[in-house]
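Coordinate analysis (summary)
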Amino acid sequence: MTDTTKKDRPTRRPDCVTEVRRGNTVLVVSGYFKQGTTATAADKMMKVLEAESAAGERAAHVI
């Protein structure tokens with residue numbers, strides 16, 4: 001993978017970086033959050049949990 005930049009977007013540092021090691025492999029994931037938003041990560045997670053809860057009432061989950 002190459003580090004190319006889009007010509008129509010300014011370059012900025014990632015908002016979060018996660019590094020996972022599995023044996024000899026290292027996975028690095030960079031995350032970017034929408035700039036200028038008013039919703040927090042907690043707000044977004046609450047929406048996900050509410051949607052999963054509503055879906056659980058309609059269909060049984062199989063694990």
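Keep in mind that this is a model prediction, so the values were computed, not measured.

1. Notes on the overall build of the protein
- The helix and strand inventory of the protein stands at one helix and two strands.
- Beginning at the N terminus, the succession of helices and strands in the protein can be written as β-β-α.
- The buried share of the protein, reckoned over its 63 residues, is 2%.
- Within the structure as shown, the protein displays about 6600 Å² of accessible surface, and the carbon and sulfur contribution to it stands at 55%.

2. Observations regarding the pairing of strand E1 (residues 16-22)
- Where E1 and strand E2 (residues 25-31) come together, seven bridges link them in antiparallel fashion. Counted as the bridge partner of Val20 is Leu27 from E2.
- Between E1 and E2, which pair antiparallel one after the other, the connecting turn spans two residues, and Gly23 there sits at a positive phi close to 65°.

3. Describing the environment of Cys16
- By secondary structure assignment, the location of Cys16 is in strand E1.
- Separated by 13 residues in the primary sequence, Cys16 and Val29 have C-alpha atoms spaced 8.3 Å apart.
- Excluding its chain neighbours within four sequence positions, the residues that come into contact with Cys16 are Val29, Ser30, Gly31 and Phe33.

4. Some words on the pattern of salt bridges
- Scanning the entire structure with this criterion turns up two salt bridges.
- Measuring nitrogen to oxygen at the nearest pair gives 3.4 Å for the salt bridge that ties Asp15 to Arg12.
- Asp15 sits in the partly exposed class, given a relative accessible area of 39%.
- Put simply, Arg21 and Glu19 hold a salt bridge, and the shortest N to O gap is 2.9 Å.

Parameters at a glance
Residues numbered from 1 in each chain as written. Predicted model: local features only at pLDDT ≥ 70, side-chain atom pairs only at ≥ 80, totals over all residues. Heavy atoms only, no water. Helix = DSSP H or I, 4+ residues; strand = E, 2+ residues; numbered from the N terminus. Buried < 20%, exposed > 50% of the residue type's maximum accessible area, 1.4 Å probe, protein only. Areas by Shrake-Rupley, 256 points an atom, 1.4 Å probe, with all protein chains shown as cover. Pairing = 2+ DSSP bridges. Contact = heavy atoms within 4.5 Å. Salt bridge = Lys/Arg side-chain N within 4 Å of Asp/Glu carboxyl O.

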